[in-house]
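Chain by chain, the residues run as shown.
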Amino acid sequence: MSTPQTFDGTETRAADRAPLGGFPRVRPRRLRGSDAIRRLVRETRLHEAQFILPLFVRPGVGIRSPIGSMPGVSQTSIDEMLRDAEAASKAGIGGVLLFGIPDTKDEIGSSGWHEHGPVQEAVRAIKREFPQLLTITDVCMCEYTSHGHCGVLTASGDVDNDATLELLSREALSHAEAGADIVAPSDMMDGRIGHMRDALDNAGFTNTPIMSYAVKYASAFYGPFREAAESTPTFGDRRSYQMDPANALEGIKEARLDLAEGADILMVKPAGAYLDVIQAVKRDTGVPLCAYQVSGEFAMIRAAAERGWIDGERAMMESLTAITRAGADMVITYFALEAAAVLQRR
Ligand code: PBG
């Protein structure tokens, strides 16, 4: 017989091994007999402070347009967004993640660093109305470029890594200038964290943290988001910059690189299908780790629940528990307010 191992492959100590095989004296069910005792021995506890709610902001007034593939999620103008921000603030969740849908797009995504762009204005409005609410801004070009890619293109249509860095840093800087608490680059260009750190530091934003979408896969689970953010690429896909879903070790490499370049918080995205990666990155780096339960994960649970095929509330809490159990310290989730309400009730 092989040596008994714990779930993560480390050998168990003799003392831990001793009781195994001790039936009928050892009965794991003793600790499952009542809600009170299950609560006592629970290993993973959720807290609303760990949830981050994504918000999609567009110019205009009085706009709340529902996203078809994400029931319960809408694009809003700033006045409407403030109602969601108020709910987030009251619910005591960790923060909001802001995405902008601009009126105009061009080849280089120049509306991304416009002083009065939707994200910049949303940050100012939240900081004015709910200064305690943490604002995190998504830094990427795909919502702002006419072609929908996460960077500028070369003549041959490739995404030009090094030319994109300058533009991403400009965008991050404009978010910081508007008052963003944290900037979160999601583009997956090489070297963007270091470039952005320098740009922020040189402009005096030495205390603005960077939450890096360090380990971001080229995933089918982003489908509904692209409707929400109007960021579907007009040609090709994102596989030359986002990661191959088959690779886990490469995720550790990406995580280490971003840390070395100055990232403060790392992210794994998507979450549910990448729990092994979350665990591996957490163990390897030990730094604050975020996981993004993306639009497709949300849509699957919502859609099945709407059809009565699963219990939506339980599936929601179970999915968030699993992501946390795997090693995520915080979770970006479209369920943030609903999950906070469930925790409130308990
Ligand atoms: C932008 C970005 C994406 C998501 C977050 N930031 C889409 C993409 O990379 O195509 C996905 C979020 C979600 O699906 O909920 N680069």
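Before reading further, recall that the structure is shown in the block above.
Residues numbered from 1 in each chain as written. Predicted model: local features only at pLDDT ≥ 70, side-chain atom pairs only at ≥ 80, totals over all residues. Heavy atoms only, no water.

Q: Got a minute to help me understand the overall build of the chain in this structure?
A: Scanning the chain from N- to C-terminus turns up twelve helices and ten strands. For the chain, the spread of C-alpha atoms along the principal axes amounts to about 70 × 40 × 40 Å. Counting all 346 residues of the chain, 51% fall into the buried class. Carbon and sulfur atoms form 52% of the exposed surface of the chain, whose accessible area is close to 16,400 Å². Across the chain, the centroid of the 37 positively charged side chains sits 13 Å from that of the 47 negatively charged ones. (Helix = DSSP H or I, 4+ residues; strand = E, 2+ residues; numbered from the N terminus. Buried < 20%, exposed > 50% of the residue type's maximum accessible area, 1.4 Å probe, protein only. Areas by Shrake-Rupley, 256 points an atom, 1.4 Å probe, with all protein chains shown as cover. Lys, Arg positive; Asp, Glu negative; His and termini not counted. Charge placed at Lys NZ, Arg CZ, Asp CG, Glu CD.)

Q: Would you mind going over the packing of aromatic side chains with me for this structure?
A: For any two aromatic rings, the description comes down to two numbers: the centre-to-centre distance and the angle of the planes. Evaluated as defined, the whole model comprises nine aromatic pairs. Seen from their ring centres, Phe56 and Phe99 are 5.3 Å apart, and the 20° between their planes marks the pair as stacked. In this pair, Phe56 sits in strand 1 (residues 51-57) while Phe99 sits in strand 4 (residues 95-100), placing the two residues 43 residues apart along the sequence. There is no split in this pair, since Phe56 and Phe99 are both buried. Ring centres of Tyr292 and Tyr334 lie 6.2 Å apart, and the angle between their planes is 45°; on these two criteria the pair is classed as tilted. With Tyr292 in strand 9 (residues 289-293) and Tyr334 in the loop between strand 10 (330-333) and helix 12 (336-345), this residue pair connects regions lying 42 residues apart in the sequence. On the accessibility criterion, Tyr292 (1% relative accessible area) is buried. Judged by its relative accessible area of 6%, Tyr334 falls in the buried class. Taking the ring centre of Tyr222 as reference, the NZ or CZ of Lys216 above it sits at 5.6 Å. Directly above the ring of Tyr222 sits Lys269, whose terminal nitrogen or CZ lies 4.6 Å from the centroid. (Phe/Tyr/Trp six-rings, centres within 6.5 Å; stacked < 30°, edge-to-face > 60°. Lys NZ or Arg CZ within 6 Å of the ring centre and 35° of its normal.)

Q: Which parts of the structure should I look at to understand the nonpolar core?
A: Nonpolar side chains in soluble globular proteins tend to be buried together. Core analysis: the largest hydrophobic core is formed by 101 residues, its most contacted members being Phe56, Leu97, Leu98, Met211, Val215, Ile278 and Tyr292. The leading source of residues in this core is helix 5 (residues 161-178), at seven residues. If we ignore the near neighbours within four places in the chain, the residues touching Phe56 are Ile67, Val73, Ser74, Gln75, Thr76, Phe99, Ile101, Phe225, Ala228, Ala229 and Tyr334. (Core = buried A, V, L, I, M, F, W, Y, C linked by side-chain atoms within 4.5 Å. Contact = heavy atoms within 4.5 Å.)

Q: How should I be thinking about a positive patch on the surface in this particular structure?
A: A cluster of basic residues, Arg27, Arg29, Arg30 and Arg32, forms a positive patch on the protein surface. Residue placement: Arg27 occurs in the loop between helix 1 (14-17) and helix 2 (35-41). Using a relative accessible area of 41% as the deciding quantity, one classes Arg27 as partly exposed. (Patch = residues over 30% accessible without salt bridge, like charges linked within 9 Å, V, L, I, M, F, W, Y side chains within 5 Å. Salt bridge = Lys/Arg side-chain N within 4 Å of Asp/Glu carboxyl O.)

Q: Looking at this model, I keep getting lost on the environment of Thr44. Mind explaining?
A: Topologically, Thr44 is positioned in the loop between helix 2 and strand 1. Along the chain, Thr44 and Thr321 lie 277 residues apart, while their C-alpha atoms are 6.8 Å from each other. The contacts of Thr44, once residues within four sequence positions are left out, are Thr321, Thr324 and Arg325.

Q: Sorry, what's going on with the state of the cysteines here?
A: Any covalent bond linking the sulfur atoms of two cysteines counts as a disulfide. Considering all chains together, one arrives at zero disulfides under this definition. Cys140 supplies the cysteine sulfur nearest to Cys142, a cysteine that is in no disulfide, at a spacing of 3.9 Å. Judged by its relative accessible area of 6%, Cys142 is buried. (Disulfide = S-S within 2.5 Å.)

Q: Looking at this model, I keep getting lost on the side chain of Glu143. Mind explaining?
A: With respect to the helices, strands and loops of the structure, Glu143 is situated in the loop between strand 5 (135-139) and helix 5. Put simply, Glu143 is tucked away with no salt bridge, and the nearest opposite charge, on Arg238, sits 7.3 Å away. Residues contacting Glu143, with those up to four places away along its chain left out, are Phe99, Gly100, Pro102, Lys105, Asp138, Ala229 and Ser231.

Q: I keep staring at the pattern of salt bridges and nothing clicks. Help me out?
A: A side chain of one charge can pair with a side chain of the opposite charge when the charged atoms of the two come close. Taken as a whole and judged by the stated rule, the model has 18 salt bridges. Of the charged contacts, one joins Arg302 and Glu338 as a salt bridge, the two residues approaching to 2.7 Å between their closest N and O atoms. Of this pair, Arg302 sits in helix 10 (residues 295-306) while Glu338 sits in helix 12; the two residues are 36 residues apart in sequence, bridging distant segments of the chain. Within the structure, one salt-bridge network assembled from shared partners comprises Arg64, Glu80, Arg83 and Asp84.

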